[in-house]
Amino acid sequence: MRKYTIDSSQAKARLVTAALLADGGIDKSETDVLGRHSVVEQLGMSQDDFDMVVREFCEDMAQYALRGEGGELELAGETVDAMLDEIRSRELRMVLLRTILEIVYADRRLSAGEAFLATRAMKRWNIQPFV
């Protein structure tokens, strides 16, 4: 996976993209979350810049992801950790985790990929949102 500057808009956008695609596709309810909360603007990006990060993420997935039993693409835990480690600011981590959770719960179904990403972020960033 490509590397982004620590706490950069691109690093944040990649995690949002990972949440959008964690269940294998982007659902309208998930894009509604982006619009309702002005996520792209809060990332400090234009829509074109965000779309570029989405394309780069898809390219990286095609090159670096593992194939699951059903043929789906999956990221190794170490790869997800490396992406999470590009966010160092505690405040940014809190905001991103909230955004990730809103995206993965948007369709009222939690896939294994979505649960993996959200749980990994909470553990890696040492955030316990329900305490």
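Predicted model only: the values in this text are computed from it and were never measured.

Draft legend 1. Inspection of the overall build of the chain at higher detail. Check the secondary structure of the chain and you find seven helices and two strands. Each helix (α) and strand (β) of the chain, taken in turn from the N terminus, gives the series α-α-α-α-β-β-α-α-α. Taken over the C-alpha trace, the chain has a radius of gyration of 14 Å; the compact-globule value for 131 residues is 14 Å, and the two agree within 12%. Considering only C-alpha atoms, the chain reaches an extent of 35 × 35 × 30 Å along its principal axes. Excluding contacts between residues fewer than 6 apart, the proportion of contacts in the chain whose partners are at least 24 apart in sequence is 73%. Carbon and sulfur atoms provide 50% of the accessible area of the chain, an area that totals close to 7,400 Å².

Draft legend 2. Summary view of the pattern of salt bridges. Overall, the coordinates contain nine salt bridges when judged by the stated rule. Taking the shortest distance from any N to any O, the salt bridge between Arg-124 and Asp-81 comes out at 3.4 Å. Here the residue Arg-124 occupies a position in helix H7 (residues 112-124), and Asp-81 occupies one in helix H5 (residues 77-84), the gap between them amounting to 43 residues. Of the residues examined, Arg-124 reaches a relative accessible area of 39% and is grouped as partly exposed. In this structure Asp-81 comes out as buried when scored by relative accessible area, which is 10%. Notably, a salt bridge pairs Asp-107 with Arg-109, separated by 3.5 Å at the nearest N-O pair.

Draft legend 3. Up close: the environment of Glu-114. Its location among the elements puts Glu-114 in helix H7. The spacing of Glu-114 and Ile-103 is 11 residues in sequence and 9.0 Å in space, taken between C-alpha atoms. Not counting residues within four places of it along the chain, the set of residues in contact with Glu-114 comprises Ala-22, Asp-23, Glu-30, Val-104 and Arg-109. Looking at Glu-114, its side chain comes within polar contact range of the main-chain nitrogen of Ser-111, at 2.8 Å.

Draft legend 4. Inspection of H7 at higher detail. Spanning 13 residues, H7 covers 18 Å between terminal C-alpha atoms, matching the ideal 18 Å at 1.5 Å per step. Buried within H7 are the following residues: Glu-114, Leu-117, Ala-118, Ala-121 and Met-122. Projected onto a plane normal to the axis of H7, the buried residues spread over an arc of 125 degrees and lie on a single side. Exposed residues lying more than 90 degrees from the buried face of H7 are Ala-112 and Lys-123. Those residues of H7 that are buried are in contact with helix H1 (9-21), helix H2 (28-36), H5 and helix H6 (90-104).

Draft legend 5. Broad picture of the layout of surface pockets. Taken as a whole, the largest pocket encloses approximately 490 Å³ of empty space. As for the largest pocket, its lining consists of 19 residues, of which Leu-21, Ala-22, Leu-73, Glu-74 and Leu-75 are closest to the centre. Sorting the residues of the lining of the largest pocket by element identifies H1, helix H4 (47-64), strand S2 (73-74), H5 and H7 as the ones contributing at least two each. Looking at side-chain class alone, the lining of the largest pocket contains 13 nonpolar, three polar and three charged residues.

Rules behind the numbers
- Residues numbered from 1 in each chain as written.
- Predicted model: local features only at pLDDT ≥ 70, side-chain atom pairs only at ≥ 80, totals over all residues.
- Heavy atoms only, no water.
- Helix = DSSP H or I, 4+ residues; strand = E, 2+ residues; numbered from the N terminus.
- Rg over C-alpha atoms; globule rule 2.2 N^0.38 Å.
- Contact = heavy atoms within 4.5 Å.
- Areas by Shrake-Rupley, 256 points an atom, 1.4 Å probe, with all protein chains shown as cover.
- Salt bridge = Lys/Arg side-chain N within 4 Å of Asp/Glu carboxyl O.
- Buried < 20%, exposed > 50% of the residue type's maximum accessible area, 1.4 Å probe, protein only.
- Polar contact = N/O pair within 3.5 Å; in protein donor to acceptor, adjacent residues only side chain to side chain.
- Expected span 1.5 Å × (residues − 1).
- Arc of directions from axis to C-beta.
- 1 Å grid on protein atoms, 1.4 Å probe; cavity = no way out; pocket = protein on both sides within 12 Å on 5 of 7 lines; lining within 4 Å.
- Points joined across faces, edges and corners; volume = space filled by probe spheres on them.
- Nonpolar A, V, L, I, M, F, W, Y, C, P; charged D, E, K, R; others polar.

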